[in-house]
Amino acid sequence: MVTLAANALLVDLPSLERVGAGTIAPTTQILDRDGRLLYEIMDPRSGRQTPLPLEEIPLYLRQATIATEDASFYTNPGVDARAILRAIWINLRGGEVLAGGSTITQQLARNLLLSPEERSQRTLVRKLRESILAWRLSRAFTKDEILALYLNTTYYGNLAYGVEAAAQAIFGKRARDLDLAECALIAGLPQAPSLYNPLIDPEAAHKRQTVVLDLMVKTGYITPEQAAQAKQEKLSFAATPFPIRAPHFVMYVWDLLKHRYGEEMIYKRGLRVTTTLDLDMQERAQEIVRYRLSLLNEPKPGAPQHNVTDAALVALDPQSGEILVMLGSPDYFDPKIDGAVNCTLMPRQPGSSIKPVTYAAAFSEDYAPATVLMDVRTAFTTQEGVAYVPINYDLKYHGPTSLRQALGSSYNLIAVKVLDHIGLEKMISLAHALGLSTLDDRGKFGLALTLGGGEVRLLELTAAYSAFANGGRRVDPVAILRVEDSAGRLIDAWQPAPGEPVLDERVAYLITHVLSDDTARIPAFGEGSVLKLSRPAAVKTGTTNDWRDNWTVGYTPDLAVGVWVGNADNSPMHNVSGISGAAPIWHDFMEEVLKGTPVREFTEPAGIAHVEVCAESGLRPGPLCTRRRTEIFIAGKEPTRECDAHQLVALDARTGEVAGPDTPPEHIIWRIFTILPPEAQEWARETGFPQPHVAMTAPEASAQKGAREEGIILTDPYAFSVYRLMPDLPPADQRILVAARPTTSTRIARMTFYVDNQAIAEVTTPPYSTFWPLALGKHAIHAVATDIAGQQLESPRVFIEVQPY
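This report concerns the structure included in the present document. Just so you know, these numbers come straight off a predicted model, no measurement behind them.

Each value, and the rule that gives it
- Residues numbered from 1 in each chain as written.
- Predicted model: local features only at pLDDT ≥ 70, side-chain atom pairs only at ≥ 80, totals over all residues.
- Heavy atoms only, no water.
- Helix = DSSP H or I, 4+ residues; strand = E, 2+ residues; numbered from the N terminus.
- Buried < 20%, exposed > 50% of the residue type's maximum accessible area, 1.4 Å probe, protein only.
- Contact = heavy atoms within 4.5 Å.
- Areas by Shrake-Rupley, 256 points an atom, 1.4 Å probe, with all protein chains shown as cover.
- Salt bridge = Lys/Arg side-chain N within 4 Å of Asp/Glu carboxyl O.
- Phe/Tyr/Trp six-rings, centres within 6.5 Å; stacked < 30°, edge-to-face > 60°.
- Lys NZ or Arg CZ within 6 Å of the ring centre and 35° of its normal.
- Pairing = 2+ DSSP bridges.
- Axes fitted to C-alpha atoms, helices over the stretch in contact; angles between N-to-C directions.
- Parallel < 35°, antiparallel > 145°, perpendicular 65-115°, else oblique.
- Left-handed = near helix turned anticlockwise from the far one by under 90°.
- Nonpolar A, V, L, I, M, F, W, Y, C, P; charged D, E, K, R; others polar.
- Patch = residues over 30% accessible without salt bridge, like charges linked within 9 Å, V, L, I, M, F, W, Y side chains within 5 Å.
- Core = buried A, V, L, I, M, F, W, Y, C linked by side-chain atoms within 4.5 Å.

Another aspect to go through is the overall build of the protein. A tally of helices and strands in the protein yields 24 helices and 27 strands. Taking all 805 residues of the protein together, the buried fraction comes to 53%. Nonlocal contacts in the protein, meaning residues at least 24 apart in sequence, comprise 69% of its contacts between residues at least 6 apart. Counting only carbon and sulfur atoms, one obtains 52% of the accessible surface of the protein, whose full area is about 35,400 Å².

Here it is in structure tokens:
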């Protein structure tokens, strides 16, 4: 038995002479959909790899690697005895031997000496053979030689083998010029180059860098103060120019190939990979993005600088999911804008561009575009038990509002009401079904999710919109059409197939019908805005987080396009919204690439009912409904109730009050009123929306007067209100009404308003009110009135909070 076991371990064990050996292999070619070369991949180990002597590799990089991968590297015999015993124990219990826990020498033996097939095995035999090779390596080479081999041959992602190639690919500099923070980031990549790729997910890379720095402190290589300083350092990602077209897309495809076929197949067999990319579209997108960014960065004389450097664009076939364009930044090789970062894959906050997902979930239930909700000040209770009061982009409330206009004009309050009605779980479940993979931590989201409170990827959000365009089928983005070997033999070919239905096609059509309705956008964007194309198109904008991100995502039946504008380093722009930043890029690209193609209407599916409704209630028109329009519904969900909001009311012509039984007939006049629900009565009074008024009787007035305290009260704002600063508006324009009134007939000489005990305004005539620009933080507001006798009356304090959006 011992002999058989020894044979299994030692038979065909590779010779150490293979270490460092390379062979010339055919290259892998990545082509666009028409066969044009985008990039040619060589085996870095035999082609573009640049090995360095150990002394030319920064000490910090060597130390970071040892601290992270093998803290006892210089004292162990090349193997980790505990890991081997653990593998034997797992094997005896019938489990799979997992990767991980290998020394630097074991990793080197596995990567350089074992075949790709054996390397991928998770067996005890493979683990023991790897350990034997590592032990042999440690006898044949010094520790410094082994470390140099490891640092020069390990894969760091982004087509980079070895630390010199990694430094060039990630930071655009020589390895010898890397500082501590950069060394720590690179040293953390080998465990999972795709997961920690700083050009795709800088946040994940930073978290991994933090782990490495902490390990360096633990092993005594650096001090805690050095680690803290390195963690705070702002890194700039760059890339050294080399012949490549559509570089962000090429990197994306290369990563797909690596996971699908493995590195050995890519580097040794030579593949011919035909992708979905349309190079003409890609280059046109880059031209438009650069042109529009240049306009933003060259404001008119006297206008403020916008501080916007970056933009990304994705174009998909909404039927098949084929990626036609993936532009991750205006210039991959520009270090000043972190150009190598692929912003189509970075999670960012989408602002209002996520709202269609909320409305789609609502239209799947009992809501429709005609449904009317009250856009009036409403406080919602958060998970923390505090009041949350959404405010609209224009700082106004609009009273009775249809969901068509609310979505088209992007009213925040209505979107929050809709989400509150359907529940977070329904929205998040639909988002996942549509392919949004980043909204997974359900516990951290609240009602602000529908306003952009979560992060999504541009590629995935564009794919989600594609489902609205294609009738409700999920779209999984496709990048590779065909893979052949170097001899032209077919290895794999993508076969288009309809995606999984995740949304009723009628619901998808309702969303499309609203997003393509230019009239519904007029209150917010005006008629014929940049969102309108020369052909039918559905579109939504979004802006978030103090001008840090703005989006425009939209589609025709043939093309879905998403645009993001911002800064890759997450610094805020100045006064750049979705309509001024991303929308012009979206508009220009759509018009340019669809020029000369047939104009197609969106196809209405079966099961859509066209019904006349009262424009002010969304219900069946009653005899007093004068404003009517035709609206669309899912058949079977049309309104059945007749509108009763409009009522004929008898008024006393002498007083304007509702006529009573003692009003003489000759003084009665009849007038039609739109009766609003109780929640909207305060809005009606503030805006002058006419409501019938019933005069109080003397006993009623006396009772109400007696119930009031002597003094003054604040009527605005409401106690414990929570406001959020909107990124789409300048801070000076974001104001709230502060108002007070006396509770008795006291004659007021002046009213002074205070915020945090600082006077903000003095008013001498009614109405006693002023406007206060919102400021972040918690605030106490009160008013002090001075009557004509010189006596002062002070209102109770009202506490509010202003939060970032």
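Moving on from the coordinates now.
Moving on: the pattern of salt bridges. Across all of its chains, the model carries 36 salt bridges by this definition. Between Arg 36 and Asp 32 there is a salt bridge, and its shortest N-O distance comes to 3.0 Å. Residue classification places Arg 36 among the partly exposed positions, given a relative accessible area of 27%. Assessed through its relative accessible area of 0%, Asp 32 is described here as buried.

Now for the packing of aromatic side chains. To describe a pair of aromatic rings, you give the distance between the ring centres and the angle between the ring planes. Counted under the stated rule, the structure contains eleven aromatic pairs. Consider the rings of Tyr 155 and Trp 254, whose centres lie 5.1 Å apart with planes at 40°: the pair is tilted. Placement of Tyr 155 in the loop between α7 (143-153) and α8 (163-171) and of Trp 254 in helix α12 (residues 247-261) is noted, with a sequence separation of 99 residues between them. Of the residues examined, Trp 254 reaches a relative accessible area of 2% and is grouped as buried. For the pair Tyr 465 and Tyr 555, a centre-to-centre distance of 6.4 Å together with 75° between the ring planes defines the contact as edge-to-face. One end of the pair, Tyr 465, is in helix α19 (residues 458-469); the other, Tyr 555, is in strand β13 (residues 549-555), and 90 residues separate them in sequence. Just as Tyr 465 is buried, Tyr 555 falls in that class too. Through a chain of ring-to-ring contacts, three or more aromatic side chains come together here, namely Tyr 155, Tyr 161, Trp 254 and Tyr 267. Over the face of the ring belonging to Phe 771 we find Arg 735, whose NZ or CZ atom lies 4.6 Å from the ring centre.

Moving on: the sheet that holds strand β4 (residues 310-316). If you trace the five strands from one edge of the open sheet to the other, you get β5-β4-β14-β13-β12, paired in antiparallel fashion. The sheet is open, and its two borders are formed by β5 (323-327) and β12 (538-544), each paired with just one other strand. Within the sheet, the average angular offset between the axes of one strand and its neighbour, ignoring direction, is 10°. In this sheet, β5 lies alongside β4 in antiparallel orientation, the contact comprising four bridges. Looking across to β5, one finds that Leu 313 is bridged to Leu 327. Strands in contact with helix α14 (residues 279-296) are β4, β5 and β14 (560-566); relative to β5, the strand with the most contacts, it is inclined by about 35°.

Our next topic: the packing of helix α4 (residues 104-113) against α7. Packing of α4 against α7 brings their axes to within 10 Å, and their N-to-C directions diverge by 55°. Between α4 and α7, the crossing angle belongs to the class labelled oblique. As for the relative orientation of α4 and α7, their crossing is left-handed in sense. Residues Ile 104, Thr 105, Gln 107, Leu 108 and Leu 112 of α4 lie in contact with α7, whose contacting residues are Lys 143, Ile 146, Leu 147, Leu 149, Tyr 150 and Thr 153. Tallied by class, residues from the contact of α4 with α7 come to seven nonpolar, three polar and one charged.

Turning next to the packing of helix α15 (residues 355-363) against helix α18 (residues 424-433). Following both chains from N to C, one finds α15 and α18 inclined at 110°, their axes separated by 9 Å at the closest point. One way to sum up the angle between α15 and α18 is to call them roughly perpendicular. Here α15 and α18 pass one another in a crossing that is right-handed. From α15, Val 357, Thr 358, Ala 360 and Ala 361 reach across to α18, where they touch Lys 426, Met 427, Leu 430 and Ala 431. In the contact of α15 with α18, the residues fall into six nonpolar, one polar and one charged.

Further remarks concern a nonpolar patch on the surface. A surface patch of nonpolar side chains, amounting to about 340 Å² of accessible area, comprises Leu 648, Trp 670 and Ile 672. Looking at the secondary structure, you find Trp 670 in strand β18 (residues 668-674).

Moving on: the nonpolar core. With 158 residues, the main nonpolar core has Ile 186, Phe 249, Tyr 359, Ile 511 and Tyr 555 as its most contacted residues. In terms of residue count, the dominant contributor to this core is α19 (nine residues). Beyond its immediate stretch of four places on either side in the chain, Tyr 359 contacts Leu 403, Ala 406, Leu 407, Ile 414, Ala 415, Val 418 and Ile 511. Ranked by size, the runner-up nonpolar core spans 32 residues in total, among them Ala 537, Leu 559, Met 590 and Leu 594.

Most of β13 is tucked away: seven of the seven residues are buried. Every second residue of β13 is oriented toward a common face, with Asp 549, Trp 551, Val 553 and Tyr 555 on one face and Asn 550, Thr 552 and Gly 554 on the other, all of them buried. Examined bridge by bridge, β12 and β13 share seven bridges and lie antiparallel to one another. Bridge pairing in β13 links Lys 540 to Val 553. Here β13 folds back onto β14 in antiparallel fashion, the turn holding four residues.

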